[in-house]
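# Inside the fold
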There are 2 protein chains.
Amino acid sequence: MRYDLPALKARLKGIHIEDNPALLRQKSRDFYWYSPTLKRQLDGVIGDLLAAPASEEEVLRILAACFALGIPVTPRGAGTGNYGQAMPLAGGLVLDLSRLDKVLEIAPGRVRAQAGALLADIDAACAPSGQELRLHPSTYRTASIGGFIAGGSGGVGSISWGGLRDLGNILSLRIATMEASPQILTLSGEEVQKIAHAYGTNGIILDVEMPLAAAYDWTEAMIGFTDFAEAAAYAQALGEQDAILKKLVSVIAAPIPQTAFLRHRRFLPEGMHVVLVMLAPMGSAAFESFTARRGGTMLFRSDLLAEADRHGLPPLYELAWNHTTLRALRVDPAITYLQTLYPHPDPLARVARIHSRLGDEVPAHLEFVRFDGRITCFGLPLVHYTSEARLDAIIALHEELGIPVFNPHRYTLEEGGMKQTDPAQLAFKREADPKGLLNPGKMIAWENPEFDFATGRTYLFPGLEGRDAGEAG
Amino acid sequence: MRYDLPALKARLKGIHIEDNPALLRQKSRDFYWYSPTLKRQLDGVIGDLLAAPASEEEVLRILAACFALGIPVTPRGAGTGNYGQAMPLAGGLVLDLSRLDKVLEIAPGRVRAQAGALLADIDAACAPSGQELRLHPSTYRTASIGGFIAGGSGGVGSISWGGLRDLGNILSLRIATMEASPQILTLSGEEVQKIAHAYGTNGIILDVEMPLAAAYDWTEAMIGFTDFAEAAAYAQALGEQDAILKKLVSVIAAPIPQTAFLRHRRFLPEGMHVVLVMLAPMGSAAFESFTARRGGTMLFRSDLLAEADRHGLPPLYELAWNHTTLRALRVDPAITYLQTLYPHPDPLARVARIHSRLGDEVPAHLEFVRFDGRITCFGLPLVHYTSEARLDAIIALHEELGIPVFNPHRYTLEEGGMKQTDPAQLAFKREADPKGLLNPGKMIAWENPEFDFATGRTYLFPGLEGRDAGEAG
């Protein structure tokens, strides 16, 4: 046993803990298995103990106890990430924040909620005020707000509001530090970026304040094109329609919609590339005019469907973003994916260039967003997986063509993200987690300041060394 | 007497009419006098009779009567336009729609109101639902929704929503045609563009359906820069902050704020170029971070001001758009203005180029907007007026530098707008106003299909010929 668990248990008296191995295993995982690489590397990862505090005071007691005993703490919300971000690479304590789920305050344009509150539950609480969260991942019905901020980047809503990285999409965060006497700090303005998308490596999010937008009964539409470039150009132009309010604009190349969207399949003719749109309902006549001008075929409109025909259909956002990957994977387990950005100038030319090089091996999936004041798209292309070497070659080809890859086959912040250390996150970790006990192994800059990203080598957390037994099938 | 007014009066029995000359003169005008050219051309324009219907049925009776007698009809809302658009160039009937002022229906994301309803009154009616109009001109407190649609283009709110020309910013219009038996038609989707910004030349707007946005108690801010280019770059970058919700981003070059914004003058140090911002209040910490990064000096923040210090200050939008012009004109009657667009690529380089050529003669005034999915700015530069010839030379210089001018010194749709006929508006006029009785003289394509825009000559409506007595001082 690496850690003094009996002493820890003694200190946590009165707090809900779990050491049932099956439960511990389940609560030590996320959707890392989307990636064959992460599946190979992380399959054996498991915490030594789980604690599920029911109050802020219990969180502080847990942190103080682990600090005193030198036991790592890996926080988790609902475990819906897919970079292994909530997985305790060094074992220790899994801090399950799902019981901190209260919506604390709702006001015009803002909501304050505890970190473990589920996104859909926050929106349900905001609905009477006619408001909802600006942004959510496709795991809206199961993900927590704290997990979204700690490990997400945007998603549904980004076509109107940009991403979590944008100033103003997280209003403030109350966090606990990992010290002998943990402190509670409130960060707002650009300060929130120290903690956002840091995987819980430099503070424990207790509660969050998020901006709200007007809530609508969003109309869902699917528009078909026989030509993929036309579908992509339509989606870009729809994004650029400033007066048609959208929440989602996705493009998915045939044959993925026809093979993976099982419940919607009857609406999807063979060979059609499909654009998914969530639209504020007052814009429907403008949307119809726009779509007719561009020659799109209206395949599906939720508001024109009889009640009986809507029955059993998942919400459209559960066909988009990472749910596209999930649905494709369910039908064909040999599929994996990438996360890419098509920057200006001329993002659609980059899309065309990479997909003409990769053909059927990498079916296209685009998610349109606002990015630095303009409309562009992220890619979540699907990959018919053959080997890690081939996956690396596909990634290298993207980067050669000026298409950055946020590699979802890496569990560190730096390798999954911007290929460099975030100095504000690192500096804040020095203050808030001086012993380096929070979610070890995820921030290379902390673990190995000498690591040279230029070599192209993958960082391997020493705690995982025993487990990395060569490439899996 | 050109028209058979006794016969008209007989047919209008029971409808409120006016022929008092002072009142008729007042109700035959708008803010045309912002332009010395229009002031010279239009000062004598006056209708022969005013009718102020109290119901849709009365509107139809008036139109039928005027059609039967061949009497022109010029509709007006509140007369807050500044292109002479509501002025009856051929005399005849002034159709005052201000009594049709009911808010008919409010639903999530939409409002339906009669044409004469004032913008501020519509918002007051929508406030209990937490909603407000997306867009309004700076004449918000006095302008009608029908007049805004018939003669406006956007304004406050365009930084988030684009302009009225954008599909989705007008949901539907009910209009009456000018025929023997006037019809009522409903237009939606792109069909509304036949009528929008047509000055009432091809149909009488009865009621309108407009999209709503979330209402906020908008924070007002003024940020100062000693360098004008830095102020403009700050405004552009603030516009591009996708997660900071704004309703107004304006830049006004010194010394105009200091000389013209009399009630705010105590906040405005000499020499500072000023950025006006209306900001959704939940974004204030993000806004402060952003402003600090860019080195702006916070001169004024409505939410940080004591109640006593706010007393007597006009709302910030009444310093912006055409109210900037109005305030400058009040202080110096020799000032006039232009309306321009700085298109991509590199709108700020165009701003720098024109203002370096024109110097103090043309103080800069920029209004930032979304336009085709991107942030750019319109210009409403102030002009120290000397002569019409010099004004034309200033306009020509803009156009040489790739800066289109929507000439506010012309009363026709084509010369004020896009330098060409809108074929959809013209075709619709043939159907809806076969005798050409609606607002005569405003659509060149109807009056004189042979008119050659390429000559650069100004169109002169024949009905005005007797009045055009050379250039005024």
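Here is what the cut-offs are and how they apply
- Residues numbered from 1 in each chain as written.
- Chains lettered and ligands numbered in written order.
- Predicted model: local features only at pLDDT ≥ 70, side-chain atom pairs only at ≥ 80, totals over all residues.
- Heavy atoms only, no water.
- Least-squares fit on C-alpha atoms with pLDDT ≥ 70 in both.
- Pairing = 2+ DSSP bridges.
- Helix = DSSP H or I, 4+ residues; strand = E, 2+ residues; numbered from the N terminus.
- Contact = heavy atoms within 4.5 Å.
- Axes fitted to C-alpha atoms, helices over the stretch in contact; angles between N-to-C directions.
- Buried area = accessible area lost by both parts, 1.4 Å probe.
- Salt bridge = Lys/Arg side-chain N within 4 Å of Asp/Glu carboxyl O.
- Polar contact = N/O pair within 3.5 Å; in protein donor to acceptor, adjacent residues only side chain to side chain.
- Domains from an automatic or database assignment.
- Nonpolar A, V, L, I, M, F, W, Y, C, P; charged D, E, K, R; others polar.
- UniProt positions renumbered as here; feature names shortened; annotations may be inferred.
- Buried < 20%, exposed > 50% of the residue type's maximum accessible area, 1.4 Å probe, protein only.
- Lys, Arg positive; Asp, Glu negative; His and termini not counted.
- Arc of directions from axis to C-beta.
- pLDDT = per-residue confidence, 0-100.
- Parallel < 35°, antiparallel > 145°, perpendicular 65-115°, else oblique.
- Left-handed = near helix turned anticlockwise from the far one by under 90°.

## Quick notes on the relation of the copies chain B and chain A
- For the pair chain B and chain A, the superposition axis carries a translation of 0.0 Å, the fit reaches an RMSD of 0.0 Å, and the rotation angle comes to 180 degrees. Look at the turn and shift together and you get a two-fold axis relating the two.

## Observations concerning the sheet that holds strand β1 (residues 17-18) of chain B
Residues and elements named next belong to chain B.
- Read from one edge to the other, the open sheet built from four strands follows the order β1-β2-β4-β3, with strand pairing classed as mixed. Both edges of this open sheet fall to β1 and β3 (73-76), since each of them pairs with a single strand only.
- For strand β2 (residues 49-51) and strand β4 (residues 93-96), the ladder comprises three bridges, and the chain directions are parallel. The residue of β4 that forms the bridge with leucine 50 is valine 94.
- Where helix α4 (residues 56-69) meets the sheet, it contacts β2, β3 and β4, and its direction lies at approximately 170 degrees from that of β4.

## Some details on the interface of chain B and chain A
- Contact residues are listed per partner, giving 38 residues for chain B and 38 residues for chain A.
- Interface area, chain B with chain A, both sides summed: about 3000 Å², of which 53% is carbon and sulfur.
- Contact with chain A buries surface across chain B, with Leu167(B), Asp242(B) and Met282(B) losing the most and accounting together for 24% of the total.
- Viewed at the interface, chain A and chain B are joined by two salt bridges.
- For Glu190(A), the salt bridge identified is with Arg293(B), shortest N-O distance 2.6 Å.
- For the interface between chain B and chain A, the tally reads 13 residue pairs in polar contact (both at pLDDT 80 or more).
- Of all the elements in the fold, those that place two or more residues in the side of chain B that touches chain A are α7 (158-161), β10 (204-214), α10 (284-293), β17 (365-371) and β18 (374-379) of chain B.
- If you tally residues by element for the side of chain B that touches chain A, the top one is α10(B), at five residues.

## What to know about unusual backbone geometry
- Cis peptide bonds are those with omega within 30 degrees of zero, and the linkage from His344(A) to Pro345(A) qualifies with -5 degrees.
- Here Pro345(A) is to be found in the loop between β16 (340-342) and α13 (347-358).

## Focus: the domain arrangement of chain A
Residue and element names in this part refer to chain A.
- Its domain assignment divides chain A into domain 1 (5-96), domain 2 (103-214), domain 3 (219-400) and domain 4 (420-467).
- Domain 1 and domain 3 are separated by 35 Å when their C-alpha centres are compared.
- Contact with domain 1, which involves eight residues of that partner, is made by ten residues of domain 3.
- Counting the surface lost from both domain 1 and domain 3, the interface buries some 770 Å², and carbon and sulfur atoms represent 52% of this.
- On the domain 1 side of the contact with domain 3, Tyr34, Pro36 and Asn82 bury the most area, a combined 62% of that side's loss.
- Between the two partners, domain 1 and domain 3, sit one salt bridge.
- Among the salt bridges present, the one from glutamate 388 reaches arginine 40, with a minimum N-O distance of 2.7 Å.
- Where domain 1 meets domain 3, there are five residue pairs in polar contact (both at pLDDT 80 or more).
- Across the side of domain 1 that touches domain 3, the residue classes break down as four nonpolar, three polar and one charged.

## Remarks on the UniProt feature "domain: FAD-binding PCMH-type" (unreviewed entry) in chain A
- The feature "domain: FAD-binding PCMH-type" (unreviewed entry), as annotated in UniProt, sits at residues 42-215 of chain A in this numbering.
- For residues 42-215 of chain A, the end-to-end C-alpha separation is 39 Å, with 20% helix and 26% strand making up the annotated structure.

## Re the side chain of Asp242(B)
- Within the secondary structure, Asp242(B) is located in the loop between α8 (228-239) and β12 (246-252).
- For the buried Asp242(B), which has no salt bridge, the nearest side chain bearing the opposite charge is Arg370(A), at an N-O separation of 4.3 Å.
- Separated by 3.0 Å, the side chain of Asp242(B) and the backbone nitrogen of Gly373(A) make a polar contact.
- Every residue in contact with Asp242(B), bar those within four places of it in the chain, is listed here: Ser160(A), Trp161(A), Gly162(A), Arg370(A), Phe371(A), Asp372(A), Gly373(A) and Arg370(B).

## Here's the deal with the pairing of strand β8 (residues 172-176) of chain B
Residues and elements named next belong to chain B.
- β8 sits mainly inside the fold: four of its five residues count as buried.
- Bridge analysis of β8 against strand β9 (residues 184-188) gives five bridges, and the strand direction is antiparallel. Within β9, the position partnered with serine 172 by the bridge is serine 188.

## Focus: the pattern of salt bridges
Residues and elements named next belong to chain A.
- Evaluation of the coordinates by the stated rule reveals 46 salt bridges over all chains.
- With a closest N to O distance of 4.0 Å, aspartate 96 and lysine 27 form a salt bridge. Note that aspartate 96 is positioned in strand β4 (residues 93-96) and lysine 27 in the loop between α2 (21-26) and α3 (36-42), a separation of 69 residues in sequence.
- When its relative accessible area of 5% is taken as the criterion, aspartate 96 is described as buried.
- We classify lysine 27 as partly exposed; its relative accessible area is 24%.

## Some details on helix α16 (residues 423-432) of chain A
Residue and element names in this part refer to chain A.
- Within the span of α16, buried status applies to Gln425, Leu426, Phe428, Lys429 and Ala432. Summarising the axial view, the buried residues of α16 lie within an arc of 165 degrees, below the 170-degree limit, and thus occupy one face. Exposed residues lying more than 90 degrees from the buried face of α16 are Pro423, Arg430 and Glu431.
- Considering only its buried residues, α16 is in contact with β8 (172-176), β9 (184-188), α15 (413-416) and α17 (444-447).

## Observations regarding the confidence of the model for chain A
- When the pLDDT values of chain A are averaged, the result is 95; 97% of them are 70 or greater.
- This prediction of the complex comes with two scores: 0.96 for pTM and 0.96 for ipTM.

## A word on the packing of α8(B) against helix α13 (residues 347-358) of chain B
Residue and element names in this part refer to chain B.
- Following both chains from N to C, one finds α8 and α13 inclined at 155 degrees, their axes separated by 11 Å at the closest point. By the criterion of interaxial angle, the relationship of α8 to α13 is roughly antiparallel. Remark: the crossing between α8 and α13 carries right-handed chirality. Residue-level inspection shows Phe228, Ala232, Ala233 and Gln236 of α8 in contact with α13, the latter providing Pro347, Leu348 and Val351.
- In terms of residue class, the contact of α8 with α13 is made up of six nonpolar, one polar and no charged.

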